[in-house]
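Residues per chain are reported as follows:
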Amino acid sequence: MLLLAVLGAACDPQADPDRTPDELDTGGDDLPCDDPQTFYRDADEDTYGVDDDTRVACQRPIGWAERAGDCDDDDAGVFPGAIEECDGVDRDCNGVIDDNPATPLAWHRDADEDGYGSVLDVVYSCLRPGGHVSPNRGTDCDDTDPTVHPGAEDAPCDGIDQDCSGDSPTQAAQLHGQTWPALSIALELAEEDDTVYACEGTHPLSASIDHSLRLVGVGGPEAVVLESTGGRVLQARGDVVDISGVTLRGGTGDGDGGAALVHARVFRLTDVVIVDSVARLRGGAVHAEIADDDSFEVTFDGVVARQNRAGTDGGAISLRLLNGGFATLDQVRLEANRAGRDGGGVIVTGTDRTQVLVLQDFTGRDNHAGNRGGHVMLYGRIHAILRGRDVDIRGGSAVEGGLVALDAPEDGKLDFYRCNLHDGQASTAGGLIHHSGRFTLDNTLSECDLSRGIAPEGGLLWVQTGSTGHLSWTDTTLHHGRADAGSALFLTGNGTPFDGALDGVVIRDNDGGPALQVDPDYKGGDGVDFEISDGALLRNQAGAIDVPGFITTTLDGVDTGSGVDENTSFDLRSGGTAFTWEGVATTTCSSGSCE
């Protein structure tokens, strides 16, 4: 009988070789146990099965679980009661994703919306709340200021740690984004083309730099003062030297350059004040040697130099343009500077070729020189060009050129537009301007006012021409000059041809000698002429014109006054055949023929 039972079971089509003997299919009524259980398919073996796949058995089959409720039977980490993570999955099968995670993310409030949040204001959640940033950006050290955050550009010397680096904001200088306790240290550590920022305050300094440098005063020259500790404030030798926003004070140079001595290809001063400095030789404030190549530059913009002294040249500024070059002084003010020799305010010289000085919106007050150019001296080794736009110079003295002197061994050109030159004195010649071009000369004045110059020759201007010359004045007034010879203009030299064209020029109230006077020893010969048109010659007490007879002089539409306003004389020393009058209102002549 037992054998038959075994054989019968083996032939039962319901039998499952993987089941234990007490397991039967779901729904059977012949389970060999008194308390069968329902089991749930558990494919991921996390001890929880799915609700809709069940089996009833006396013992748990392999791959089945006693508990249901698994909402993802392919992931062993998902089941009822599982620990939530911030991964976008409902791991505990409660129908809510990422609720009550064991390790929530820290979201930092970004009140100033600069992309970085406060380290103190934190919300823990899997999802980012509005107005918050991710955990790795919770390092804003000031969440009320959008310019302050990690990686921000740290504005130098403003007392604010913009990049949240922890550097002290109260240091004296900044280099490479790092602050330093003394400007001298930052300058010593600086390398080629670095920018050093000087913070507000007075910095004791006597530095020497052997490379290109950019030095910036933060707060401007009123706030940043570099004061000499003995000797020059700064000596720099490099390709480019660029200094801005500082005051240089109290420098002493045992040779050239009282406050600063510079050797460079490019030299810029911007918003710089230089005061109370002394050089034994050239450049009481600054002396610069500028090397020449295809891209040299000398620019002073917004510079003030006051109460500086030089033993020889350039009471304030001395520029030596090696092998020629341009120098531009824009919005520069030179005041109360003195030079023992030339250029009480500024001197520009060179070694070869052409020297060009451009004055733009230039102001000079009370500068003095022991020899030439009380305010400005330009000496060209071969050619010299002095250009001025909106120039205002008052109060100066020298032996030659109480205010301005230009000397060119060959070609000299002076070109001033909208200028005011007043109150100059020269002990020999050119109370205001002394201009010499020994080969060729161009003297141009447009919309200028020249007055109150005193000299033995050329109360306002003294001009010496070489082989050729040109005088071109338009809409200009020359008045209250005083000189024994040429109270307004004294012309000398031997230039042929030479022409003077005065259009809309008023020459008045000059005294001491004739207003326009040509040197009686002028060796011009034929080809020398003056033409004066649409202007006025008034109240020149020693005469309006005094020229040799070989000079052709034409007056066309010139008001010469009448009665008490008339000039004393028009004098042609060698006869009047070349003196012509066209449209002249009235005149009095001491010699010559007047019509």
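Since this is a predicted model, take the numbers as computed values, not measurements.

Draft legend 1. Focus on the overall build of the protein chain. Counting its regular elements, the protein chain contains two helices and 50 strands. Relative to its full complement of 595 residues, the protein chain shows a buried share of 51%. A separation of at least 24 residues holds for 67% of the contacts in the protein chain among residues at least 6 apart in sequence. With the model as given, the accessible surface of the protein chain reaches about 25,500 Å², and the carbon-plus-sulfur share is 47%.

Draft legend 2. Fine view of the state of the cysteines. This structure, assessed with the given rule, holds five disulfides. Covalent S-S linkage joins Cys 33 and Cys 58, the inter-sulfur distance amounting to 1.9 Å. Where Cys 33 bonds to Cys 58 through sulfur, the torsion about that S-S bond is close to -85°, and the disulfide is left-handed. Placement of the pair is Cys 33 in the loop between helix H1 (2-10) and strand E1 (37-41) and Cys 58 in the loop between strand E2 (54-57) and strand E3 (64-65), with a sequence separation of 25 residues. Residue class for Cys 33 comes out partly exposed when judged on its relative accessible area of 23%. With a sulfur-sulfur separation of 1.9 Å, Cys 86 is cross-linked through a disulfide to Cys 126.

Draft legend 3. Here's a closer look at the sheet that holds E2. The three strands are arranged E2-E1-E3 in an open sheet whose pairing can be described as antiparallel. Each edge of the open sheet carries a strand with a single partner, namely E2 and E3. Of the pairings in the sheet, the one linking E1 to E2 comprises four bridges and is antiparallel in character. When the bridges of E2 are listed, Thr 38 appears paired with Val 56.

Draft legend 4. Fine view of the pairing of strand E42 (residues 498-503). Side chains Phe 498, Gly 500 and Leu 502 project from E42 onto a buried face, and the interleaved Asp 499, Ala 501 and Asp 503 project onto a face without burial. Direction of pairing for strand E39 (residues 468-474) relative to E42: parallel, over a ladder of six bridges. Note that in E42 the partner of His 470 across the bridge is Asp 499. Alignment of E42 against strand E45 (residues 528-533), held across six bridges, turns out to be parallel. Considered in E45, the bridge of Leu 502 is made with Ile 532.

Draft legend 5. Molecular detail of the side chain of Thr 440. For Thr 440, the position within the fold is in strand E37 (residues 440-454). A polar atom in the side chain of Thr 440 sits 2.5 Å from the side chain of Asp 411.

Draft legend 6. How the structure looks around a negative patch on the surface. Residues Glu 447, Asp 475, Asp 503, Glu 531, Asp 534 and Asp 556 make up a contiguous surface patch of negative charge. The residue Asp 534 is located in the loop between E45 and strand E46 (536-538) in this model. Judged by relative accessible area, Asp 534 falls into the exposed class, the value being 54%.

Draft legend 7. Region of interest: the environment of Val 56. Along the chain, Val 56 falls in strand E2. Judged by its relative accessible area of 24%, Val 56 is partly exposed. Expressed as a C-alpha distance, the spacing of Val 56 and Phe 39, which sit 17 residues apart in the sequence, is 6.0 Å.

Draft legend 8. Quick look at the environment of Pro 548. Along the chain, Pro 548 turns up in the loop between strand E47 (545-547) and strand E48 (552-556). Since its relative accessible area comes to 4%, Pro 548 is described here as buried. In this structure, the C-alpha to C-alpha distance between Pro 548 and Pro 520, residues 28 residues apart in sequence, is 6.3 Å.

Draft legend 9. Main features of the sheet that holds strand E5 (residues 122-125). The strand order E5-E4-E6 describes an open sheet built from three strands, whose pairing is antiparallel. Strands with a single pairing partner mark the edges of an open sheet, and in this sheet they are E5 and strand E6 (132-133). Pairing analysis gives two bridges linking strand E4 (residues 105-109) to E6, with the strands arranged antiparallel. Looking at E6, one finds that Arg 109 is bridged to His 132.

Draft legend 10. Layout of unusual backbone geometry. Backbone geometry places Glu 113, a non-glycine residue, at a positive phi of 55°. Mapped onto the secondary structure, Glu 113 falls in the loop between E4 and E5. Of note in this structure, His 480 is not a glycine but carries a positive phi near 55°. Tracing the chain through its elements places His 480 in the loop between strand E40 (477-479) and strand E41 (489-493).

Draft legend 11. Quick peek at the packing of aromatic side chains. Overall, the coordinates contain three aromatic pairs when judged by the stated rule. Between the aromatic rings of Tyr 48 and Phe 79, the centroid separation amounts to 5.5 Å while the plane-to-plane angle is 10°, which identifies the pairing as stacked. You can see Tyr 48 sitting in the loop between E1 and E2 and its partner Phe 79 sitting in the loop between E3 and E4, a full 31 residues away along the chain. In this structure Tyr 48 comes out as buried when scored by relative accessible area, which is 14%. Aromatic pair Phe 498 and Phe 530: ring centres 6.1 Å apart, planes at 55°, arrangement tilted. Highlighted residues: Phe 498 in strand E42 and Phe 530 in strand E45, separated in sequence by 32 residues. The burial state of Phe 498 is the same as that of Phe 530; both residues are buried.

Draft legend 12. Here's a closer look at the pattern of salt bridges. This model, assessed by the stated rule, comprises 23 salt bridges. Measuring nitrogen to oxygen at the nearest pair gives 2.6 Å for the salt bridge that ties Arg 418 to Asp 390. A residue pair is termed long-range when its members are at least 10 positions apart, and Arg 418 in strand E35 (residues 411-429) and Asp 390 in strand E33 (residues 383-400) qualify at 28 residues.

Draft legend 13. Region of interest: the environment of Val 119. Structurally, the position occupied by Val 119 is in the loop between E4 and E5. Along the primary structure Val 119 and Asp 142 are separated by 23 residues, whereas in three dimensions their C-alpha atoms are 9.4 Å apart. The contacts of Val 119, once residues within four sequence positions are left out, are His 108, Gly 138 and Asp 140.

Draft legend 14. View of the confidence of the model for the protein chain. In the predicted model, the protein chain carries a mean pLDDT of 85, and 87% of its residues have values of at least 70. Contacts from residues 1-28, a stretch scored under 50 in pLDDT, to residues over four places away or in other chains number 21 contacts. In the predicted structure, residues 572-595 sits below a pLDDT of 50 and forms 62 contacts with residues beyond four places in sequence or in another chain.

Draft legend 15. Representation of the side chain of His 422. Along the chain, His 422 falls in strand E35. Accessibility expressed as a relative area gives 5% for His 422, which makes it buried. Of the polar contacts made by the side chain of His 422, one reaches the side chain of Ser 451; its length is 2.5 Å. The residues touching His 422, leaving out its near neighbours within four places in the chain, are Ile 393, Arg 394, Gly 395, Leu 403, Leu 432, Asp 449, Leu 450, Ser 451 and Arg 452.

The rules behind the values
Residues numbered from 1 in each chain as written. Predicted model: local features only at pLDDT ≥ 70, side-chain atom pairs only at ≥ 80, totals over all residues. Heavy atoms only, no water. Helix = DSSP H or I, 4+ residues; strand = E, 2+ residues; numbered from the N terminus. Buried < 20%, exposed > 50% of the residue type's maximum accessible area, 1.4 Å probe, protein only. Contact = heavy atoms within 4.5 Å. Areas by Shrake-Rupley, 256 points an atom, 1.4 Å probe, with all protein chains shown as cover. Disulfide = S-S within 2.5 Å. Pairing = 2+ DSSP bridges. Polar contact = N/O pair within 3.5 Å; in protein donor to acceptor, adjacent residues only side chain to side chain. Patch = residues over 30% accessible without salt bridge, like charges linked within 9 Å, V, L, I, M, F, W, Y side chains within 5 Å. Salt bridge = Lys/Arg side-chain N within 4 Å of Asp/Glu carboxyl O. Lys, Arg positive; Asp, Glu negative; His and termini not counted. Charge placed at Lys NZ, Arg CZ, Asp CG, Glu CD. Phe/Tyr/Trp six-rings, centres within 6.5 Å; stacked < 30°, edge-to-face > 60°. pLDDT = per-residue confidence, 0-100.

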